Amino acid sequence: MKLYAFLFFLILPVLVPASATANTAPTMTMAEAAAGMASEMDAQLSMRFGQQQYAANGITVIVTTPVDINNFEESSVVARQMQESLSHWLVQAGYSVQE
């Protein structure tokens, strides 16, 4: 049994490609991430309100910017960019967006 375990770990690097073990994060732009989140929100709202098409009609969405919990006067650049990208996608989809 020990021999099999030893052989398994010996050939494991050959079986698993180097690219699969590399510690690389997928690259995605802020707009792509926001579009994915907004699309998922749109799908959930469609299911919630029982609408298959044109789920945005008559729905108002409030979009906020996350802030530092220790200082409510301060938010990050990334948070503001995400809020802007989400708002843009939702407006393009037909939602009424309040900030």
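Residues numbered from 1 in each chain as written. Predicted model: local features only at pLDDT ≥ 70, side-chain atom pairs only at ≥ 80, totals over all residues. Heavy atoms only, no water.

## What to know about the overall build of the protein
No. 1: Along the backbone of the protein there are four helices and two strands.
No. 2: Along the protein, helices and strands appear, N-terminal first, in the series α-α-α-β-α-β.
No. 3: Pairs at least 24 apart in sequence give 65% of the contacts found in the protein among residues at least 6 apart.
No. 4: If you sum the accessible surface of the protein, you get close to 8,100 Å²; carbon and sulfur atoms cover 61% of it. (Helix = DSSP H or I, 4+ residues; strand = E, 2+ residues; numbered from the N terminus. Contact = heavy atoms within 4.5 Å. Areas by Shrake-Rupley, 256 points an atom, 1.4 Å probe, with all protein chains shown as cover.)

## Observations concerning the nonpolar core
No. 1: Ala34, Ala38, Ile59, Val61, Val63, Met82, Leu86, Leu90 and Tyr95 form the largest nonpolar core, which has nine residues in total.
No. 2: Ranked by residues supplied to this core, first place goes to helix α4 (residues 77-93) with three residues.
No. 3: For Val63, the contacting residues outside a window of four places in its chain are Gln83, Ser87, Leu90, Val97, Gln98 and Glu99. (Core = buried A, V, L, I, M, F, W, Y, C linked by side-chain atoms within 4.5 Å. Buried < 20%, exposed > 50% of the residue type's maximum accessible area, 1.4 Å probe, protein only.)

## Section: helix α3 (residues 30-49)
No. 1: For α3, with 20 residues, the first-to-last C-alpha span of 28 Å sits near the 28 Å given by 1.5 Å per residue.
No. 2: Buried residues along α3 sit against α4.
No. 3: Two residues or fewer after α3 comes Gly50, characterised by a positive phi angle close to 70°. (Expected span 1.5 Å × (residues − 1).)

## Re the environment of Arg80
No. 1: Among the structural elements, Arg80 can be located in helix α4.
No. 2: Through-space distance from the C-alpha of Arg80 to that of Val67 is 9.3 Å; in sequence the pair is 13 residues apart.
No. 3: Each residue touching Arg80, except ones within four places of it in the same chain, is listed here: Thr65 and Ser75.

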